[in-house]
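A structural walkthrough
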Amino acid sequence: MATKKKILAVDDDATALGALRQILVQKGYDVTTAPNGQEALKALAAGQFDLVILDVSMPGLTGYDVCRRIRAEENTRDTPVIFLTAKGMLVDMTEGEEAGSDLYLIKPVLATKLLNMVGMFLSSDTPLAKKRAQT
């Protein structure tokens, strides 16, 4: 049996985080949640994840800050990062790209679209999964 893919989901909105977790768990993913950037970094230091889904607007460390730290660490720099946020201005998306995200999704997003994007990053035979491994 294949090992479940591990996802770290980070959002300071408990309701949004709970809904995200439920969607991912129902699809068969092993999901760890964090309510803020500091807790996300602790989780990343404690274990390996196949994907990180980050909100942008959080107290303390923003999602951009967390993404930059993920990219700065050797053991996490190749981990795909998806921003899932209500911040949909071009300047926000540009900052997300500059921070090192692989994808920027704007809330609300359909669960099917989110799961399709997650699946494309976690499937071993898709171009998105290979993108970071080749760079």
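To keep things clear, this report deals only with the structure shown in the data block. Given the structure is predicted, the values throughout are model-derived calculations rather than measurements.

Ordered in space as β2-β1-β3-β4-β5, the five strands form an open sheet in which the pairing is parallel. Of all strands in the sheet, those with a lone pairing partner are β2 (30-34) and β5 (103-106), marking the two edges. Each adjacent strand pair in this sheet contributes to an overall mean axis angle of 20°, direction not counted. Sheet analysis places strand β3 (residues 51-54) next to strand β4 (residues 81-85), joined by three bridges and oriented parallel. Looking at the pairing, Val 52 lines up with Val 81 of β4. Of the strands in this sheet, β1 (6-10), β3, β4 and β5 are in contact with helix α5 (residues 111-122), which crosses β5 at around 170°.

Tallied over the full model, the rule gives one cavity of 30 Å³ or more. Here the largest cavity is characterised by a volume of approximately 30 Å³. Taken together, Leu 44, Gly 47, Gln 48, Phe 49, Asn 75, Thr 76 and Thr 79 form the lining of the largest cavity. In the lining of the largest cavity, the residues fall into two nonpolar, five polar and no charged.

Rules behind the numbers
- Residues numbered from 1 in each chain as written.
- Predicted model: local features only at pLDDT ≥ 70, side-chain atom pairs only at ≥ 80, totals over all residues.
- Heavy atoms only, no water.
- Pairing = 2+ DSSP bridges.
- Helix = DSSP H or I, 4+ residues; strand = E, 2+ residues; numbered from the N terminus.
- Axes fitted to C-alpha atoms, helices over the stretch in contact; angles between N-to-C directions.
- Contact = heavy atoms within 4.5 Å.
- 1 Å grid on protein atoms, 1.4 Å probe; cavity = no way out; pocket = protein on both sides within 12 Å on 5 of 7 lines; lining within 4 Å.
- Points joined across faces, edges and corners; volume = space filled by probe spheres on them.
- Nonpolar A, V, L, I, M, F, W, Y, C, P; charged D, E, K, R; others polar.

By themselves, these observations are geometric and do not establish any function.
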